[in-house]
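The residues making up each chain are set out below.
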Protein chains: 2
Amino acid sequence: MSDNEFEKSPLNTVKRLPKRGYYDKETIFGILDEHFICHLGWEVDGQPFLIPTAYGRKGDTLYVHGSSKSRMLSALTDGRPLCMVVTIVDGLVLARSAFHHSMNYRSAIIYGHAHELEGEEKMEALRIVSEQILAGRWDEVRLPSEIELKATTVLAIDIDSASAKIRTGPPSDDDADYDLPVWAGVLPAHLAFDQPIVDPAMKHNLPISLSVKSRFKSED
Amino acid sequence: MSDNEFEKSPLNTVKRLPKRGYYDKETIFGILDEHFICHLGWEVDGQPFLIPTAYGRKGDTLYVHGSSKSRMLSALTDGRPLCMVVTIVDGLVLARSAFHHSMNYRSAIIYGHAHELEGEEKMEALRIVSEQILAGRWDEVRLPSEIELKATTVLAIDIDSASAKIRTGPPSDDDADYDLPVWAGVLPAHLAFDQPIVDPAMKHNLPISLSVKSRFKSED
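Structure report, in brief. Here the structure is a predicted model, which means the values were calculated and not measured.

### Remarks on the environment of B:Thr153
Residue and element names in this part refer to chain B.
At step 1: Tracing the backbone through its elements, the reader meets threonine 153 in strand 8 (residues 152-167).
At step 2: On a C-alpha basis, the gap between threonine 153 and leucine 117 in space is 7.7 Å, while along the polypeptide they are 36 residues apart.
At step 3: The residues touching threonine 153, leaving out its near neighbours within four places in the chain, are Val64, His65, Gly66, Ser67, Ser68, Leu73 and Glu116.

Laid out in structure tokens, this is it:
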């Protein structure tokens, strides 16, 4: 891969609607940086597995974590091929014909393999995942103890190949259908954060943390 | 499987945090019915593939569709094992310790295999997917022509095994950490629909369709 772009290969090339395909890091990493939940897929003896999980990115590396007992993490530590997808739904595209209905979305697909982290790298990866979910939170809370670190497996995902697929804008109907008396347009969608709910077990009367406040305000 | 519940097997049993696992159809189908985007995984010669796609459910069967040229759909028509996940993010769970941070979520995981539909079943499956995305829209628009149907592949997914995993409620911290002066609670999240945007190419001055109006109003 070059510094700025992933090489096109049979694996990552967007074949369906190739004009929606992107291979540059700015676009792919931009999508990754906007979300915090990915879906991660791998296979064991021909059986595909797939789970939703939190992630973080720094540079060309992605990080995921979980319990040391997780079957996902233990399957992936041997470096087998994995596939990771981040999907942002931006809206429903409502055409005049059923056939031309679509969605506006940004998705990034990563092909790679994982290796387990230890020591300082492990703690730093946990910080990166935490900051991806809620920037600033890491500095507000009690950090992981040795026992907690032992109970946690952290994987770094090395990206072998990647692409993004993006659709934006209004529907695109067949010429003849524009005469139909059907309302057409886009119903935009986004992940919204609602008013924070304080833990009923709080012992102190504290204002909402800055990290929580800024995510709630900036997103809604 | 019984009428109301999927049998627990090594494949679908929730091993990590088993108290979050559910196997009854009411819970699993309830999650499926609340969303319209799934992630679908399969493998080819040890390489996992994974894509986001729209889906619909009727009874014990799930439906997905796409271009006849899609490599996902052509790989899956041979009945190889697939894994499908629907994930609803309900909020960030903000504990006093980094370790006990979590998410509130509802996810359904389906193990199964697909077969291709033709004729009336194919058209009905397209209607089911369309209604899952936006109820009522199917009756407002021009329905698929013969040519459009030929350009579309529709798969029915037969469920072999399934489970759901759900987390709700406030954070759960270590006893000693409740004394820490850290704001703790939940930052709720949901997929919100925003004000519809009319297609600039509209030739008629029409009110927003009922289907669009009701999704916009009911979700936001």
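### Examining the interface of chain A and chain B
At step 1: Residue-level contacts link 92 residues of chain A with 92 residues of chain B.
At step 2: Across the chain A/chain B interface, buried area totals approximately 7600 Å², and carbon plus sulfur atoms make up 66% of it.
At step 3: At the surface where chain A touches chain B, the tally comes to 8 salt bridges.
At step 4: In this structure, the connection of chain A to chain B is made through 31 residue pairs in polar contact (both at pLDDT 80 or more).
At step 5: Those elements giving two or more residues to the side of chain A that touches chain B turn out to be strand 2 (37-44), strand 3 (47-54), strand 6 (82-94), strand 7 (102-116), strand 9 (185-193), strand 10 (197-198) and helix 5 (210-219) of chain A.
At step 6: Here the side of chain A that touches chain B takes 9 residues from strand 9 of chain A, the largest share from any one element.
At step 7: Residue composition of the side of chain A that touches chain B, by class: 58 nonpolar, 17 polar and 17 charged.

### Comments concerning the relation of the copies chain A and chain B
At step 1: Least-squares fitting of chain A to chain B yields an RMSD of 0.0 Å, with the transformation described by 0.0 Å of translation along the axis and a rotation of 180°. Taken together, the rotation angle and the small translation identify this as a two-fold axis. Minimal C-alpha separation from the rotation axis in chain A is found for A:Leu191, amounting to 2.2 Å.
At step 2: Looking at chain A, 100% of its interface residues are interface residues in chain B too, so the copies touch through the same face.

The rules behind the values
- Residues numbered from 1 in each chain as written.
- Chains lettered and ligands numbered in written order.
- Predicted model: local features only at pLDDT ≥ 70, side-chain atom pairs only at ≥ 80, totals over all residues.
- Heavy atoms only, no water.
- Helix = DSSP H or I, 4+ residues; strand = E, 2+ residues; numbered from the N terminus.
- Contact = heavy atoms within 4.5 Å.
- Buried area = accessible area lost by both parts, 1.4 Å probe.
- Salt bridge = Lys/Arg side-chain N within 4 Å of Asp/Glu carboxyl O.
- Polar contact = N/O pair within 3.5 Å; in protein donor to acceptor, adjacent residues only side chain to side chain.
- Nonpolar A, V, L, I, M, F, W, Y, C, P; charged D, E, K, R; others polar.
- Least-squares fit on C-alpha atoms with pLDDT ≥ 70 in both.

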